[in-house]
Amino acid sequence: MTRKITALVLVLALLMALAGCGQKTPESSGTESKAGSKTESKTGTEVSSQGTESEEPASSQASQGGVLRMVTAGKGSGIGFPAGFVGYYERIYSDPALESLARIGADKSSVEPWLAEDISVDVEGLEMTVTLREGISFSDGTPFNAEAVVKNWGYYVENGSNRFKNVESFEATGEYEVKAKLTEYDNSTVLNTCVEGGWMISPTFYEENGDDAVYTTPVGTGPFVCESSNLDSEIIYKKNENYWQEGMPYLDGIEITLCSDATTAMTIFKSGDADILLFPDTTQAQELLDAGYHMLGSADAYFPSTSGFTFSSGVEGSPVSNPDVRKAICYAIDSEAIVEALGGELYQYTNQLAVPGSETYNDEVEGYPYDPEKAKELLSAAGYGDGLTIKATGSGAGAESFFTLVQAYLAEVGVTLEIDLVDSAVYNAKRMVAGDDNYDGLIILQGAAVKERYFDMFGESPTHYARSMAQYEDVNGLMDVIKFSTDEDEVHGALMDFQEKIIDEYCLIKPMYISGYLMFATDSVADSGLMETHKGWWTPAACKLQ
């Protein structure tokens, strides 16, 4: 076994060197996220505002002032119009200026008001009430009030956001109160509308300057004001002298340098010309760890990415439409060894669509430990004792590296894996609902290990892998409980059953590891909040240089 893993690691190293280290592209924000159920109850609910007041960060040794320098090879398609964001990395770039009605709490699961003072949902009356903090203004002087929230929510709806799919209408019912009429109760309503769809921009700036200006210039209620931006080179922020939290921000400014490649960004960071490096690839990250640099946050920050593969289980005539073949493939590979080879301590191994120890993780799920003999038995029973050939589809050098490792294991049990790399745009279109054709075989898995994102792949109206994955009525029934039930114990039980069915019973997907955005900082940075509660948000107001 040791000899085999050594060979696999060498293959991976060669592929990554040839492919420029296979940096993982930040994923699309897609649909909704986590945490909604903890904010709502059967008789009506309130989201606690505890912990949202300004507090002195714990870093007593940090001093105020200075300019935080960030560098990255990532680029955003726009930083000033959240309703049009396609990735969470854009939010990292815009966080200094933009804030949301609510945020994910420190426990990485609850929702806490931010620009809102209180959020309540009348489950039986199908109505949500948002009460806003008073005395806040956007950086251009526009008042932050109910009218501004209604306009911002309108931008999301006009741009086709599915975060408002159960919202029938909304209106300002007072200067600082907004009410939304719901078509149905949904556990993720507060999360969708006030967190994911709750980012606020100045409606005055947008309406006076139009799309081009707003995409490159975020104007919000945040601690910093965008002084200039060029999404091909740099974004410059200066301190908002009129920020609503007294005494904040601590920094004088923030400079984000956008590089054309990861190597340049790495060079700038290591030379001391930047305080924070965003999105290095795994090879660079390991180099920084070995050199003693500080990795920010953890892979299980809210909206963690789950990687592995799924199957074309719903494609008639495909070998993997047989559950025994799917299980054989999973038994044939040493998942833990592959995860170690790919990312070492940078990735967290998992055997299900959940972060170990989280509310959605089922300790009773057995998964598929490495057992090539069991794999051969299942293949023989399924009529493939003499072997079979299947295809694996993905995009980019990272997918190639991953499937090359899987390929070596499958060869040992008589399965020939043909790797098909396609353009990222083509891959994303085909794995979503658009188009007429399906992938056949193994498909690289990109999914979030949070319950609100399970509906992307499962349930009555999935959007990811929908044409390729088999649908089971009992799984869809569990999705309804997870989405609509107001009984927390019932929801938890459904989550546990869901993991067991999609992994142990039907083997619909093969999750292997949890990963977040990789970020590193020098020892001078304190209280950035990067990769702590949510992988796309941080705390620029509290950040200090020491």
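Residues numbered from 1 in each chain as written. Predicted model: local features only at pLDDT ≥ 70, side-chain atom pairs only at ≥ 80, totals over all residues. Heavy atoms only, no water.

*Asks:* Help me understand the overall build of the protein chain in this model?
*Replies:* Helix and strand counts for the protein chain stand at 14 helices and 24 strands. Evaluated residue by residue, the protein chain yields a buried proportion of 56% over its 546 residues. Contacts in the protein chain between residues at least 24 apart in sequence constitute 73% of all its contacts with a sequence separation of at least 6. Counting every atom, the protein chain has about 21000 Å² of accessible surface; 45% of that belongs to carbon and sulfur. (Helix = DSSP H or I, 4+ residues; strand = E, 2+ residues; numbered from the N terminus. Buried < 20%, exposed > 50% of the residue type's maximum accessible area, 1.4 Å probe, protein only. Contact = heavy atoms within 4.5 Å. Areas by Shrake-Rupley, 256 points an atom, 1.4 Å probe, with all protein chains shown as cover.)

*Asks:* Is there a simple way to explain the environment of Ala-341 in this structure?
*Replies:* Considering the arrangement of structural elements, one finds Ala-341 in helix α9 (residues 335–343). Separated by 64 residues in the primary sequence, Ala-341 and Leu-405 have C-alpha atoms spaced 8.8 Å apart.

*Asks:* Any chance you could explain the sheet that holds strand β19 (residues 415–421) here in plain terms?
*Replies:* Strands belonging to one sheet form pairs held by backbone hydrogen bonds; the direction of such a pair is parallel or antiparallel. Taken in spatial order, the six strands make up an open sheet running β17-β21-β16-β20-β18-β19, and their pairing is mixed. The open sheet has two free edges, formed respectively by β17 (348–349) and β19, since each of these has just one partner strand. Contacts from helix α8 (residues 323–332) reach β16 (305–311), β18 (388–394), β20 (442–448) and β21 (509–515) within the one sheet, and its direction differs from that of β16 by about 130 degrees. In the packing of α9 onto the sheet, the strands contacted are β17 and β21, and the crossing angle to β21 comes to about 35 degrees. (Pairing = 2+ DSSP bridges. Axes fitted to C-alpha atoms, helices over the stretch in contact; angles between N-to-C directions.)

*Asks:* So what exactly am I meant to see when it comes to a negative patch on the surface here?
*Replies:* On the surface, Asp-487, Glu-488, Asp-489 and Glu-490 cluster together into a patch of negative charge. Inspection of the secondary structure assignment puts Asp-487 in the loop between α13 (473–484) and α14 (488–505). (Patch = residues over 30% accessible without salt bridge, like charges linked within 9 Å, V, L, I, M, F, W, Y side chains within 5 Å. Salt bridge = Lys/Arg side-chain N within 4 Å of Asp/Glu carboxyl O. Lys, Arg positive; Asp, Glu negative; His and termini not counted. Charge placed at Lys NZ, Arg CZ, Asp CG, Glu CD.)

*Asks:* Help me understand α13 in this model?
*Replies:* Along an α-helix, residues three or four positions apart point the same way, because every turn accommodates 3.6 residues. Here α13 contains 12 residues, and its C-alpha end-to-end distance of 17 Å stays within 8% of the 16 Å for a straight helix at 1.5 Å per residue. Looking only at α13, the buried set comprises Val-475, Asn-476, Leu-478, Met-479, Ile-482 and Lys-483. Burial along α13 is one-sided: seen end-on, the buried residues are contained in an arc of 155 degrees. Contacts made by the buried residues of α13 are with α14. (Expected span 1.5 Å × (residues − 1). Arc of directions from axis to C-beta.)

*Asks:* Please explain the pairing of β21 as it appears in this structure.
*Replies:* A regular strand places its side chains so that they alternate between the two faces of the sheet. Counting buried positions along β21 yields seven of seven residues, so the element is predominantly enclosed. In this sheet, β21 lies alongside β16 in antiparallel orientation, the contact comprising six bridges. The residue bridging Thr-306 from the neighbouring strand is Ile-514, located in β21. Note that β17 and β21 share two bridges and pair antiparallel. Paired with Tyr-349 across the strands is Tyr-513, a residue of β21.

*Asks:* Help me out: how do you make sense of the environment of Ala-541 in this one?
*Replies:* Locating Ala-541 in the fold gives a position in the loop between β23 (525–526) and β24 (544–545). Exposure remark for Ala-541: the relative accessible area of 10% places this residue in the buried category. In this structure the C-alpha to C-alpha distance between Ala-541 and Lys-239, which are 302 residues apart in sequence, comes to 9.4 Å. For Ala-541, the contacting residues outside a window of four places in its chain are Pro-223, Tyr-243, Met-248, Pro-249 and Tyr-250.

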